[in-house]
Amino acid sequence: MKRLMIGNEAIARGAYEAGATVATAYPGTPSTEIVSNLAKFDQIYAEWAPNEKVALEVAIGASFGGARTLVAMKHVGVNVAADPLYTVSYTGINGGLVLVSADDPGMHSSQNEQDNRGYALFAKFPVLEPGDSQEAKDFTRMAFAISEEFDTPVMLRVTTRLSHSQTLVEEGERQEVGIKEYKKDAPKYVMLPGYARGRHVEVEKQMVRLKEYAESTPLNHIEWGERSLGIITSGVAYQYVKEVLPQVSVLKLGMVNPLPEKLIRSFAAQVDRLVVVEELEPVIEQQIKAWGINVQGKEIFTLLGEYSPEMIGERLGDEKPLQAIELDSQIPPRPPLMCPGCPHRGVFYTLRRMRLTVMGDIGCYTLGALSPLEGIDACVCMGASIGMAMGMEKARGQEFANKLVAVIGDSTFVHSGITPLIDIVYNQGTSTVLILDNDTTAMTGHQHHPATGYTITDEPTTKLDLPALVRAIGIKNIRVVDPLNLAELEQALKEELNRREPSVIIAKRPCALLNRTKAEVSYYVDPEACTGCKQCIKIGCTGVYFQEEENKAAMNPNTCVACGLCPQVCKFDAIKVMEG
């Protein structure tokens, strides 16, 4: 049976059909739907791990134990998992181990555009790159087979466009492979230096075998057309090439590490001009040039952002698709905003009003950096806010620390905020940390985490007690506040910032999208009382807007959820509860 699937769903289907029995992940766009779909299969144990490093370590243990295992994460998540990743290349596997890296060209939901094919070059393991949902399913199945044949982890590298676009997929039957026998083997699995030296030799031998495999595998194949131009490409870029230049010869690479040198040399010798079309880094291009083959790539194309059929056509053939949509030129820009009723809004309104320096973190609350809230000074990566606050405090002294806070979400705190908070206590910092606890991993679609009390399958479990955890770390000053009570929040901040010891304020209120029950009250703007000061507009909520002709604010009944924030910021009592 065929049905439409996004690439992430197809990957999950491929793992299911391959007989996988364990799946782990930390949710991160564009990878999130992979393991959430795997959790629907009774034959597979699936979990949300606290972070990507833990997810990979669980996957490694499951693989050593004989299970076919898939672990998924977005591209920056691989940075978190890099330590075990490099070493599991040495140990090899037992049950097949597939790591899905979902890269994000164009930075639709990410802080950088890194190209994770580079990990495979340095850590020395194979990478498969599908070009549509059918290949996403098929390549996942093949990845498990390759992993076990060559005793290596395999990276399945996808991008946002493949993860979230739909194509038809032919469903197959599940292959029941069972759990492989586990045998104690310290020289293989215990990476003491003496053992690791021997395993490095095995890694190099496997790479030689994989290079031979790359030459003959159907994952890499030539589609002959006109030979005046030959294009080497992979992934979703292949679809763009075929759409706009169907007449040219194409070498489609499904395995992008190691590359098939003999096949590429043969293809290059039979075309007049050779071009590599690959998004982001010139990973394929540089290796081909290193072999002395005349090839073009980034001289024509950019290192930045996503490619498109239009761009490829213009730069290679001065052609456009017959039905080019060119969405970027038709859709007006729409900046991201916090949802109406978002508990984070009051926090950043208050932080800006108090003129504090704010070290921010990754989550919905990162939007607090944007106008009109403009409440974040810096944001680097998951969990960095607390460490950055500590560093800034030590660099600039106590006087500056009294106007400095770190802001981090509940899921992000569990992910990688606990360790830097320990650093603050251990190294006698005085930083104030705000944990924005909205009971979910909201930015990626409301996934559970250890502090929600539920597993990936909504099964009740032990709920991480954040105040107790913070207290165990050594924080004596802990208070829980309602972030939509501005007076309470501001008072808490003033008191904690004036301490000469570290403190944590937990701003606790569920995400506005978790409970969509109709509000008990509704608000309106009294035109007689409204002075047109626009103070209510500065909270950046779509529930209230400004009427330029009348020079008055007004409520939008279609979006207002009656969170009660805007009445608190109005100095003239113009926003009132509607009677009746």
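Presented here is an overview of the structure given in this document. (Residues numbered from 1 in each chain as written. Predicted model: local features only at pLDDT ≥ 70, side-chain atom pairs only at ≥ 80, totals over all residues. Heavy atoms only, no water.)

## Side note on the pattern of salt bridges
As a reminder of what qualifies: Whenever a carboxyl oxygen of Asp or Glu lies within 4 Å of a side-chain nitrogen of Lys or Arg, that contact is scored as a salt bridge. Segments assigned H or I by DSSP are reported as helices when at least four residues long, segments assigned E as strands when at least two residues long, and all are numbered from the N terminus. Each residue is assigned to one of three classes by its accessible area relative to the maximum for its type, calculated with a 1.4 Å probe on protein chains only: buried under 20%, partly exposed between the two thresholds, exposed over 50%.
If you walk through the whole model with that rule in mind, you get 35 salt bridges. Here K252 ties to E135 by a salt bridge, and the two come within 3.0 Å at their closest N and O atoms. With K252 in strand β11 (residues 248-253) and E135 in helix α7 (residues 133-150), the pair connects residues that are 117 residues apart, well separated along the chain. The partner of R499 in a salt bridge is E496, with the nearest N and O atoms 2.6 Å apart. Here R499 falls in the partly exposed class, since its relative accessible area comes to 30%. Given the relative accessible area of 2%, E496 is considered buried. Salt bridges sharing partners connect three or more residues here, namely D103, D115, R117, E129, R157 and E278.

## Observations regarding helix α11 (residues 235-244)
Most of α11 sits out of view: seven of its 10 residues are buried. Looking only at α11, the buried set comprises G235, V236, A237, Y238, Y240, V241 and V244.

## A word on the nonpolar core
The condition is simple: Nonpolar core, defined: a set of buried Ala, Val, Leu, Ile, Met, Phe, Trp, Tyr and Cys residues in which side-chain atoms within 4.5 Å join the residues together. The contact rule is simple, with two residues in contact once any of their heavy atoms fall within 4.5 Å.
Counting 62 residues, the largest nonpolar core has L351 and L421 as the members making the most contacts within it. Apart from residues lying up to four places away in sequence, L351 is in contact with L356, V358, G375, V405, V407, L434 and L493. Of all hydrophobic cores here, the second largest spans 42 residues; its members include F150, L162, M207 and I456.

## Brief notes about the packing of aromatic side chains
Here is the rule: Ring pairs shown here join Phe, Tyr and Trp side chains whose ring centres sit within 6.5 Å, with only the six-membered ring taken for Trp; geometry is labelled stacked below 30 degrees between planes, edge-to-face above 60, and tilted in between.
Going through the model one piece at a time under the given rule, you end up with seven aromatic pairs. Seen from their ring centres, Y182 and Y189 are 6.3 Å apart, and the 25° between their planes marks the pair as stacked. Look at Y182 and you get partly exposed, because its relative accessible area is 47%. With a centroid separation of 5.4 Å and 35° between ring planes, the pair formed by W224 and F267 is classed as tilted.

## Focus: the side chain of E490
If you trace the backbone, E490 turns up in helix α21 (residues 486-497). Using a relative accessible area of 18% as the deciding quantity, one classes E490 as buried. Every residue in contact with E490, bar those within four places of it in the chain, is listed here: T350, R353 and M354.

## Things to note about a nonpolar patch on the surface
Here is the rule we go by: Here the term patch refers to residues with relative accessible area over 30% and no salt bridge, with like charges joined within 9 Å and nonpolar side chains (Val, Leu, Ile, Met, Phe, Trp, Tyr) within 5 Å. A 1.4 Å probe and the Shrake-Rupley method give the accessible areas. Residues count as covered only by the protein chains that appear here.
The grouping of Y86, L121 and F122 at the surface amounts to a nonpolar patch, some 310 Å² of accessible area in total. For L121, a relative accessible area of 33% gives the class partly exposed.

## Digging into helix α3 (residues 52-64)
Side chains three or four residues apart in an α-helix point the same way, a direct result of the helix having 3.6 residues per turn. Going by this rule: Multiplying one less than the number of residues by 1.5 Å gives the expected span of a helix. Polar contacts, as used here, are pairs of N or O atoms within 3.5 Å; protein pairs need one atom able to donate a hydrogen and one able to accept it. Residues neighboring in sequence count only if both atoms are side-chain atoms.
Given a rise of 1.5 Å per residue, 13 residues ought to cover 18 Å, and the 18 Å separating the end C-alpha atoms of α3 matches this to within 8%. Inspection of α3 places E52, A55, L56, A59, I60, A62, S63 and F64 among the buried residues, and these make up the whole buried set. Regarding α3, its N-cap is N51, as a side-chain oxygen of that residue lies 3.1 Å from the backbone nitrogen of K53 further along.

## Looking at the environment of M142
The topology assignment puts M142 in helix α7. For the pair M142 and V569, spaced 427 residues apart in the sequence, the C-alpha separation amounts to 58 Å.

## What about the side chain of E393?
The condition that has to hold: By the counting scheme adopted, Arg and Lys are positive, Glu and Asp are negative, and His together with the chain ends is not counted.
Within the secondary structure layout, E393 lies in helix α17 (residues 384-396). Buried within the structure, E393 lacks any salt-bridge partner; its nearest side chain of opposite charge belongs to K394, at an N-O separation of 4.5 Å. A distance of 2.7 Å separates a polar atom in the side chain of E393 from a polar atom in the side chain of S431. Discounting residues that sit within four places of it in the chain, E393 has contacts with Q398, A401, L404, G429, T430 and S431.

## Digging into the sheet that holds strand β6 (residues 127-128)
Here is the rule: By definition, two strands form a pair when at least two bridges between them are found by DSSP.
Strand order in the open sheet made by the seven strands is β3-β2-β4-β5-β7-β6-β12, with mixed pairing throughout. Both edges of this open sheet fall to β3 (45-48) and β12 (255-257), since each of them pairs with a single strand only. With two bridges connecting them, β6 and strand β7 (residues 154-159) associate as parallel partners. Along β7, the bridge assignment pairs V127 with M155.

## Here's the deal with unusual backbone geometry
The amide bond that connects T29 to the next residue, P30, takes the cis arrangement and shows omega of 15°. Of the consecutive residues N257 and P258, the connecting peptide bond is found in the cis state with omega at -5°. Located in the positive-phi region is Q428, a residue other than glycine, with phi close to 60°. Secondary-structure assignment places Q428 in the loop between α19 (410-426) and β16 (432-437).

## Things to note about the packing of α3 against helix α5 (residues 82-91)
Filter applied, for reference: To define axes, lines are fitted to C-alpha atoms, for helices over the stretch in contact only, and angles between the resulting N-to-C directions are given on a 0 to 180 degree scale. Note that the term roughly parallel is reserved for angles under 35 degrees, roughly antiparallel for angles over 145, roughly perpendicular for angles of 65 to 115, and oblique for everything else. Crossings are sorted by hand: turned counterclockwise from the far helix by less than a right angle, the near helix makes the crossing left-handed, and turned clockwise it makes it right-handed. Ten residue types, Ala, Val, Leu, Ile, Met, Phe, Trp, Tyr, Cys and Pro, are classed as nonpolar, four, Asp, Glu, Lys and Arg, as charged, and the remainder, Gly among them, as polar.
Between α3 and α5, whose axes approach to 9 Å, the crossing angle comes to 20°. Taken together, α3 and α5 sit at an angle that is classed as roughly parallel. Handedness of the crossing formed by α3 with α5: left-handed. Two secondary-structure elements touch here, α3 through K53, L56, E57, I60 and F64 and α5 through D83, P84, L85, V88 and T91. Looking at the contact of α3 with α5 residue by residue, the classes come out as six nonpolar, one polar and three charged.

## Notes on the sheet that holds strand β10 (residues 226-234)
Neighbouring strands of a sheet are bound in pairs by backbone hydrogen bonds; such pairs are parallel or else antiparallel. Spatially, the four strands line up as an open sheet ordered β9-β11-β10-β13, and their pairing is mixed. Looking at the sheet topology across the chains shown, the edges are occupied by β9 (220-223) and β13 (274-277). Taking the axes of each pair of neighbouring strands and ignoring which way they run, one obtains an average angle of 20° across the sheet. Each of β9, β10, β11 and β13 touches helix α12 (residues 261-269); the most contacted strand, β11, lies at about 175° to it.

So, to be careful, I would describe these as geometric facts and stop short of saying anything about function.
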